[in-house]
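# Inside the fold
The primary structure of each chain is shown beneath.
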Amino acid sequence: MLNFELYNPTKLIFGQNQYDKIAAEIPKESKILMAYGGGSIKKNGVYENVIKALANYEYIEFNGIEANPTYETLIQAVTIIKANNIDFVLAVGGGSVIDGVKFICAAVNYEGIDPWDILAKGAKVKSALPFGTVLTLPATGSEMNSGSVISKKDTDEKLAFGSPLLFPKFSITDPTTIYSLPKRQLQNGVIDAYVHVMEQYVTYPANAYLQDRFAESILKTLIEIGPKIIKDQTNYTLASNFMWCCTMALNGLLSRGVPTDWATHMIGHELTALHGLDHAQSLAVIGPNLYKVQFNDKKEKLAQYGKSVWNLTGSDDEIAQKAIEKTQEFYQLLGVETSLSKYTSDYKETAKIITNRFKTRGWIGLGEHKNIDLKKVEEIVELSY
Ligand code: NZQ
Ligand code: ZN
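Description of the structure in this document. (Residues numbered from 1 in each chain as written. Chains lettered and ligands numbered in written order. Predicted model: local features only at pLDDT ≥ 70, side-chain atom pairs only at ≥ 80, totals over all residues. Heavy atoms only, no water.)

Looking only at helices and strands, one finds 14 helices and 8 strands in the protein chain. A compact globule built from 385 residues should have a C-alpha radius of gyration of about 21 Å, and the protein chain, at 20 Å, falls within 12% of that. In terms of principal-axis extent, the alpha carbons of the protein chain reach across some 65 × 45 × 45 Å. Across the 385 residues in the protein chain, those meeting the buried criterion constitute 57%. (Helix = DSSP H or I, 4+ residues; strand = E, 2+ residues; numbered from the N terminus. Rg over C-alpha atoms; globule rule 2.2 N^0.38 Å. Buried < 20%, exposed > 50% of the residue type's maximum accessible area, 1.4 Å probe, protein only.)

Below, the structure written as structure tokens:
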């Protein structure tokens, strides 16, 4: 097992009807910016619950944070915060709203000229406004991690950043919020959480038995409940297990002491930026093809995954191959297309565009061995057409 540190200060408040606890978590004299998305919270009762909880605070609303939140929108919130001496932000929504709020909180205190440099140039986040979240869509784990992914309309880019200063102070995670989710977002949530686990598990053996069991248990639970939840989303047992899986899949626990990959995400982000695929759709397209191209490096863990998660038998090579097929079939069973050409007819230059972008950014060695070079990226993307 590799050496590690574990730090996660987020207070998770999990379960039904916990909105009245918000007030105990935000300092009394705070002036709050309540940030949300395109309005789903006004249709499912979440907005009313949050407003009730904020009754004794001074607050301003900021709405319109879009899926795949953009710099252009978020920078408007930064201006509002500065003009109104806001000192706490409450994100109410899915991963996009929460990620957007992380960027807002970092950008407000940014001392350089353009906060986009936090993403484009890796400029360090030296301080950030405190924020809490009310999660309405289980998928990203953003409610209990310190990462964020932001897009820029101007350049069609989608980039990630993170800082230990950007853990939510608290997160209200009520599984009943999924009752109003469109089917597509349920499919996305299962796949995003699944791939988060795969990125931290299907690498090479690191003698980290407990981490492997953590990963396998989340994958098995998602396989068990994923298809059911799409048919029966108002079942609380399914909803609560689903939400907890998503949080646990990316709250920092699984990656402790083990190598991690993340290349599926880095390539997938480009499919969203270039062709507008949902985040999880991009992962369903890239993931299985990345395992094929990286087969020799990943086959030991693929075989372990095939045996432990899919109960496959045969030689290790056969099991590893079959495990890739099983993964792709699982995404399809959930109702998600796994080829880029199913989402766009304009796909033929995609591999070239992505490798050119990676070259410019110096991303020439991705994955747990840093050996996914531009040639392999091209191969993975072309296999995904
Ligand atoms: O904007 P509203 O009206 O709220 O509608 C949203 C949005 O259209 C809707 N929605 C959310 N909760 C709902 C609901 N509709 C009905 N009922 C509810 N309870 O769902 C749509 C999608 O929401 P979004 O927040 O975009 O989805 P998700 O949570 O999947 O977030 C995706 C974003 O997170 C990033 C992705 O790249 C993408 O930008 N990621 C963030 C990560 C992180 N911070 O750690 C890791 C992930 O790998 C991922 O990259
Ligand atoms: Zn993801």
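More follows now that the structure is in view.
The immediate surroundings of ligand 1 are formed by 33 residues, with Ser40, Gly95, Ser96, Asp99 and Lys158 found nearest. The contact in question runs from an oxygen atom of ligand 1 to an N or O atom on the backbone of Gly39, over 3.0 Å. Between a nitrogen atom of ligand 1 and a main-chain N or O atom of Thr177, the distance comes to 3.0 Å. Summarising the interface, the protein chains cover 88% of the accessible area of ligand 1, which totals 960 Å² for the free molecule. Broken down by secondary-structure element, the contributors of at least two residues to the shell around ligand 1 are α4 (95–108), β6 (147–152), α6 (183–201) and α9 (263–275). In terms of domain composition, the shell around ligand 1 takes at least three residues from each of domain 1 (11–177) and domain 2 (182–383). (Near = heavy atom within 4 Å. Polar contact = N/O pair within 3.5 Å; in protein donor to acceptor, adjacent residues only side chain to side chain. Areas by Shrake-Rupley, 256 points an atom, 1.4 Å probe, with all protein chains shown as cover. Domains from an automatic or database assignment.)

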